[in-house]
Amino acid sequence: MNTQEIRTRKRSRGADPLVVVTAYDVAGAHFADAAGVDMVLVGDSLANVVLGHSDTLHLSVDDMARHVAAVAAARPRAHVVADLPWPSYHEGPAQAVRSAAQLVRAGAESVKLEGGTKRAEVVRALLDAEIPVMGHLGLTPQSVLAMGGYRVQARSDDAARTLLEDALVLQESGVYAVVLEGVPTTVGRSVTEVLDIPTIGIGAGPDTDGQVLVFHDLLGLSLGRPAKFVRQYADLGTAITEAIGHYATDVRSGQFPSPAESYGDSSPGSPASE
Ligand code: KIV
């Protein structure tokens, strides 16, 4: 799916909600794509859920590019969008284009960046360089130090108005969609009503044009307490521990490997799978 198709996906015009999930490697991208998602986001949540950092501030463009390449190796039908990590676009348009081009060469079909009006110039420069851009407003994890923690945003009328203005500026600058994270349902709804491009919510209520969840949260693979907005659809963490526990028991009791799982002397050179 390309950004031209995504751009038109407004529920108010009868479109189905956009389904987005993060992915960080070839297996995750393969299984998400097989489930029929519309987009996979190589999110900078990579820093938290894969690399074990407590925030998203410890990630380089090289780190992102490596994981974008792994996701792209799955050749998903779903659109691959990659986060520009902090602070790979904060110095201005030239730096942003360099960073985004590295992610595109690794396999991204578009990039996502955080922030509103103050990013307009960077968004235009990326579009001038032919790189489609997705916006991200509300609880923007790259601003964790400035926000004083991970807090629901736009709760006051003033803050909600500012967020709406930011969304309109991003739309005018040419982004094809906007992620709304950690905002009241009323704000998710009103921004979605006002914008002509789709909104994709995470903790923004049910009225956005799509939803995104982090792969590890959705599957029960996250180590911390999940946020209120997470719905966990499987408990793979428990399943993994149980399966590896069974393996350990079988190794220790001599039940693994069995003769069927061992090679005989005949058929030299046969494939390892036979
Ligand atoms: O990095 C990420 O996973 C994200 C989503 C939470 C939207 O940006």
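Refer to the structure printed above.
Residues numbered from 1 in each chain as written. Predicted model: local features only at pLDDT ≥ 70, side-chain atom pairs only at ≥ 80, totals over all residues. Heavy atoms only, no water.

### Some words on the nonpolar core
Here is step 1 of the chain: Leu103 and Leu126 are the most contacted members of the largest nonpolar core, which totals 50 residues.
Here is step 2 of the chain: Broken down by element, the residue count for this core peaks at five residues, all from helix H4 (residues 61-72).
Here is step 3 of the chain: Those residues in contact with Leu126, other than ones at most four positions away along the chain, are Leu84, Ala96, Val97, Ala100, Val111, Leu113, Ile131 and Val133. (Core = buried A, V, L, I, M, F, W, Y, C linked by side-chain atoms within 4.5 Å. Buried < 20%, exposed > 50% of the residue type's maximum accessible area, 1.4 Å probe, protein only. Helix = DSSP H or I, 4+ residues; strand = E, 2+ residues; numbered from the N terminus. Contact = heavy atoms within 4.5 Å.)

### A few points about the side chain of Lys10
Here is step 1 of the chain: Along the chain, Lys10 turns up in the loop between helix H1 (3-7) and strand E1 (18-22).
Here is step 2 of the chain: A polar contact of 2.8 Å, which involves the side chain of Lys10, links it to the backbone oxygen of Thr192.
Here is step 3 of the chain: Not counting chain neighbours up to four residues away, the residues in contact with Lys10 comprise Ala15, Thr192, Leu195, Asp196, Ile197, Pro198 and Asp209. (Polar contact = N/O pair within 3.5 Å; in protein donor to acceptor, adjacent residues only side chain to side chain.)

### Focus: the site of the ligand
Here is step 1 of the chain: Close to the ligand lie Thr22, Leu41, Gly43, Asp44, Ser45, Asp83, Lys112, His136, Val179, Glu181, Ile202 and Val214, which account for all nearby residues.
Here is step 2 of the chain: Between Lys112 and the ligand, the recorded distance is 2.9 Å, taken from a side-chain N or O atom to an oxygen atom.
Here is step 3 of the chain: When its residues are assigned to classes, the shell around the ligand shows four nonpolar, four polar and four charged. (Near = heavy atom within 4 Å. Nonpolar A, V, L, I, M, F, W, Y, C, P; charged D, E, K, R; others polar.)

### Topic: the pairing of strand E7 (residues 199-202)
Here is step 1 of the chain: Going residue by residue along E7, you find Thr199 and Gly201 tucked away on one face and Ile200 and Ile202 tucked away on the opposite face as well.
Here is step 2 of the chain: Across four bridges, strand E6 (residues 177-181) lies against E7 in parallel orientation. Residue pairing in the sheet places Val178 in a bridge with Thr199 of E7.
Here is step 3 of the chain: Relative to strand E8 (residues 210-213), E7 runs parallel, the two being bridged by two bridges. Bridging across to E8, Ile200 finds its partner in Gly210. (Pairing = 2+ DSSP bridges.)

### A few points about unusual backbone geometry
Here is step 1 of the chain: Residue Pro87 is reached from Trp86 by a cis peptide bond, and omega for that bond is -10 degrees.
Here is step 2 of the chain: Note that Pro87 resides in the loop between strand E3 (79-83) and helix H5 (93-106).
Here is step 3 of the chain: A cis geometry characterises the amide bond from Phe256 onward to Pro257, with omega recorded as 0 degrees.
Here is step 4 of the chain: If you trace the backbone, Pro257 turns up in the segment after helix H11 (236-253).
Here is step 5 of the chain: At Arg75, a residue that is not glycine, the phi angle is positive and equals roughly 45 degrees.
Here is step 6 of the chain: Among the structural elements, Arg75 can be located in the loop between H4 and E3.

### Details of the sheet that holds E1
Strand pairing in a sheet relies on backbone hydrogen bonds. The paired strands run either parallel or antiparallel.
Here is step 1 of the chain: Read around the closed barrel, the eight strands follow the order E1-E2-E3-E4-E5-E6-E7-E8; overall the barrel is parallel. Strand-to-strand twist of the sheet, defined as the mean angle between neighbouring strand axes without regard to direction, takes the value 25 degrees.
Here is step 2 of the chain: Inspection of the sheet shows E1 paired to E8 by four bridges, in the parallel sense. Directly across from Val21, in E8, lies its bridge partner Leu213. (Axes fitted to C-alpha atoms, helices over the stretch in contact; angles between N-to-C directions.)

### What about the layout of surface pockets?
Here is step 1 of the chain: Each pocket or cavity is described by its volume, and for the second largest pocket that value is around 390 Å³.
Here is step 2 of the chain: Lining the second largest pocket are 22 residues, and of these Gly115, Lys118, Gly138, Thr140 and Ser143 sit closest to its centre.
Here is step 3 of the chain: If you list the elements that add at least two residues to the lining of the second largest pocket, you get strand E5 (133-138), helix H7 (144-147) and helix H8 (157-173).
Here is step 4 of the chain: Of the residues belonging to the lining of the second largest pocket, the class tally is eight nonpolar, ten polar and four charged. (1 Å grid on protein atoms, 1.4 Å probe; cavity = no way out; pocket = protein on both sides within 12 Å on 5 of 7 lines; lining within 4 Å. Points joined across faces, edges and corners; volume = space filled by probe spheres on them.)

### Quick look at the pairing of E6
Two faces, one strand: in a regular strand the side chains alternate between the faces of the sheet.
Here is step 1 of the chain: Judged by how many residues are buried, E6 sits mostly within the fold: five of five residues are covered.
Here is step 2 of the chain: Of the two faces of E6, the one lined by Ala177, Val179 and Glu181 and the one lined by Val178 and Leu180 are each fully buried.
Here is step 3 of the chain: With respect to chirality, the unit in which E6 leads through helix H9 (residues 185-194) into the neighbouring parallel E7 is right-handed. (Right-handed = clockwise from strand over helix to strand, strands pointing away.)

### As for H4
Here is step 1 of the chain: Here H4 contains twelve residues, and its C-alpha end-to-end distance of 16 Å stays within 8% of the 16 Å for a straight helix at 1.5 Å per residue.
Here is step 2 of the chain: If you check which residues of H4 are buried, you get Val61, Met64, Ala65, His67, Val68 and Val71.
Here is step 3 of the chain: Along its buried surface, H4 packs onto helix H2 (26-34), strand E2 (39-42), helix H3 (46-49), E3 and H5. (Expected span 1.5 Å × (residues − 1).)

### Quick look at the packing of H4 against H5
Working note: a packed helix pair is described by the angle between its axes plus the distance between those axes.
Here is step 1 of the chain: Interaxial distance between H4 and H5 falls to 8 Å at its minimum, and their mutual angle equals 25 degrees. Our classification of the angle between H4 and H5 gives roughly parallel. Regarding H4 and H5, the two cross each other, and that crossing is right-handed. Of the residues in H5, those in contact with Val61, Asp62, Met64, Ala65, Val68, Ala69 and Ala72 of H4 are Ser99, Gln102, Leu103 and Ala106.
Here is step 2 of the chain: When its residues are assigned to classes, the contact of H4 with H5 shows eight nonpolar, two polar and one charged. (Parallel < 35°, antiparallel > 145°, perpendicular 65-115°, else oblique. Left-handed = near helix turned anticlockwise from the far one by under 90°.)

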